[in-house]
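Each chain is listed here by its residues.
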Amino acid sequence: MYDLSNVLETEAVSEIRPGTSVLIAGPAMTGKENLAMEILADGSRQGEGALVVTTGSDADTVVEDYQERVSGSNNIQFGVVDCRAEGSSGRGGNSDTPPGLYIHHVSSPGDLTGIGIGITKCLESLHGSGATEGRLALISLSTMLTYTDRETVFKFCHVLSSRLDAAGYIGVFTIDTGAHEEQTLQVLKQAFDGLIEVREGDAGREARVLGITDSPTDWASI
Amino acid sequence: MTDSRAPVVLIVEDEPDVAETYNLWLEADYEVRIAENGDEGLAKLDEDVNVVLLDRMMPGLSGDEVLERIRGRDLSCRVAMVTAVEPDFDILEMGFDAYLSKPIRSEQLHETVEKLLERSNYDDLLQEYYALVEKQATLETAKSGAELADSNEYEQLQGRITELQDDLAQTMGGIEDDSDFITAIQQIGGDDT
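Here the structure is a predicted model, which is why all the values come from computation and not from measurement.

Calculation notes
- Residues numbered from 1 in each chain as written.
- Chains lettered and ligands numbered in written order.
- Predicted model: local features only at pLDDT ≥ 70, side-chain atom pairs only at ≥ 80, totals over all residues.
- Heavy atoms only, no water.
- Pairing = 2+ DSSP bridges.
- Helix = DSSP H or I, 4+ residues; strand = E, 2+ residues; numbered from the N terminus.
- Contact = heavy atoms within 4.5 Å.
- Axes fitted to C-alpha atoms, helices over the stretch in contact; angles between N-to-C directions.
- Buried < 20%, exposed > 50% of the residue type's maximum accessible area, 1.4 Å probe, protein only.
- Polar contact = N/O pair within 3.5 Å; in protein donor to acceptor, adjacent residues only side chain to side chain.
- Buried area = accessible area lost by both parts, 1.4 Å probe.
- Salt bridge = Lys/Arg side-chain N within 4 Å of Asp/Glu carboxyl O.
- Nonpolar A, V, L, I, M, F, W, Y, C, P; charged D, E, K, R; others polar.
- Expected span 1.5 Å × (residues − 1).

## Looking at the sheet that holds strand E8 (residues 204-210) of chain A
Residue and element names in this part refer to chain A. On the basis of which strands lie adjacent, the open sheet formed by 9 strands has the order E4-E3-E2-E5-E6-E1-E7-E8-E9 and mixed pairing. Two strands close off the open sheet at either side, each with one partner strand: strand E4 (101-105) and strand E9 (220-221). As paired strands, strand E1 (residues 21-26) and strand E7 (residues 194-201) are joined by 4 bridges and run parallel to one another. Bridge pairing links Leu23 to Leu195 in E7. This element, helix H1 (residues 32-45), spans E1, strand E2 (49-54), strand E5 (134-139), strand E6 (170-176) and E7 of the sheet and lies at about 165° to E5. Where helix H5 (residues 150-167) meets the sheet, its contacts fall on E1, E5 and E6, and the angle it forms with E6 comes to roughly 155°.

Encoded structure:
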């Protein structure tokens, strides 16, 4: 079981089943990405593997940010699939990549096969390093949706969730609710086991969890 | 599967003895069609064919050319390329779903055909699942909670969605291995690229 209650202070997320995939949804600038990265970092601090599929920041930025989050922890096993590396080739096998770090480049957020291969290679490396538990974050589905349609993204999420289930990992996927039609959000939700909604409340950022427990949790600040 | 008819396998192979051997191995489980060359293969190919076993090296149209024409037609069949030598990686770009290196053994052939049938079954299930999820989302956006609770159609839809989730989770062991994962993704990305 995965315990996310260090990051989201609610009992609802203290026993997340391996294979669970969760959508993190909210308007722009409400800390979705930060929440996703914190969920990964919390796992890394406990010795789990971590894997980020990024469509926005480049791999170096993601790695730098992650190292800050987990500073002080040893033996971090971290994979990055950088989907915005136009024209650049894989760096994963180069000698300048530090141990425990696995980076794969994909030409575009619309290249789903490339992303799939990158994820597969990272999962292999993480498994090979002994990380039988781990967390994946995909940031963000909104960017993917600008490259391809919702049917394709839905199917991709479903297939990826199934793969994570087989691997015993959990996944978090971010989406900007302001950027898409209601119908698109409604459809994509169905590809996930649960939903974390975030918003900017009067007293700062808040989140609630739906679908993991029988009834939604109350909004609580994060 | 609800369809009780046997899946259809099309063998495109220029050596009659080899084609007959495959036929003997497969005929108990599948409806088998045999073509002696590429042109005949394309003529015997229709929507009913589930799996094509395609010899790469043939006089006349080569296996590669036949494959290209198959992909040019809007057919959902899966293609296993039969090669004399272990192919290079570049062959993966060519758009077939599996390859077999000669000589082929009976179990190997069965395994490959079964795997391809399961994959195409998975794609069909995923397509149906998506269509129903779309429908569900449309209803949920258009109707109130009370209206939905009263709706028989909505209830049936939800039931069918749950069934499909179970079916998908059981097909291919729910995407257990890497090649299933990659081919499943290739298939969904294939339509609009």
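## Looking at the side chain of Arg69(A)
Residue and element names in this part refer to chain A. Take Arg69: it is sitting in helix H2 (residues 59-69). Note on Arg69: relative accessible area 18%, which makes it buried. Among the polar contacts made by the side chain of Arg69, one reaches the side chain of Asn34 at a distance of 2.9 Å. Arg69 has contacts with Asn34, Met37, Glu38, Ala41 and Arg45, leaving out every residue within four places of it along the chain.

## Notes on the interface of chain A and chain B
Interface size is commonly expressed as the accessible surface area that is lost when the partners come together. Taken together, the contact between chain A and chain B spans 26 residues of the former and 27 residues of the latter. A combined buried area of about 2400 Å² lies between chain A and chain B, and 63% of that area is made up of carbon and sulfur atoms. Considering only the surface of chain A that becomes buried against chain B, Lys155(A), Val159(A) and Gln190(A) emerge as the three largest contributors, covering 24% of it. Scanning the region where chain A abuts chain B turns up 2 salt bridges. The tally of links between chain A and chain B comes to 7 residue pairs in polar contact (both at pLDDT 80 or more). Where the side of chain A that touches chain B is concerned, the elements lending two or more residues are helix H3 (112-128), H5 and helix H6 (182-189) of chain A. By residue number, the principal contributor to the side of chain A that touches chain B is H5(A), which donates 12 residues. Split into classes, the residues belonging to the side of chain A that touches chain B amount to 9 nonpolar, 10 polar and 7 charged.

## Here we look at the sheet that holds strand E1 (residues 8-12) of chain B
Paired through their backbone hydrogen bonds, the strands of a sheet run either parallel or antiparallel. All names here are of chain B. Taken together, the 5 strands give an open sheet; going across it, the order is E2-E1-E3-E4-E5, and neighbouring strands pair in parallel fashion. Edge positions in the sheet fall to strand E2 (31-35) and strand E5 (98-101), since each has one partner strand and no second. Here the strands of the sheet are splayed against their neighbours by 20° on average, with no regard to which way each runs. Both E1 and E2 contribute to a ladder of 5 bridges, which runs parallel. Paired with Ile11 across the strands is Ile34, a residue of E2. Set on the sheet, helix H3 (residues 63-72) makes contact with strand E3 (49-55) and strand E4 (78-83); between it and E4 the angle comes to about 175°.

## Side note on H1(A)
Residue and element names in this part refer to chain A. Taking 1.5 Å per residue, 14 residues should reach 20 Å; H1 reaches 20 Å between its end C-alpha atoms and fits that length. Burial of H1 is extensive: 10 of the 14 residues sit out of reach of the surface. Those residues of H1 lying buried are Lys32, Leu35, Ala36, Met37, Ile39, Leu40, Ala41, Asp42, Gly43 and Ser44. The secondary structure elements touched by the buried residues of H1 are E1, E2, H2, E5, E6 and E7.

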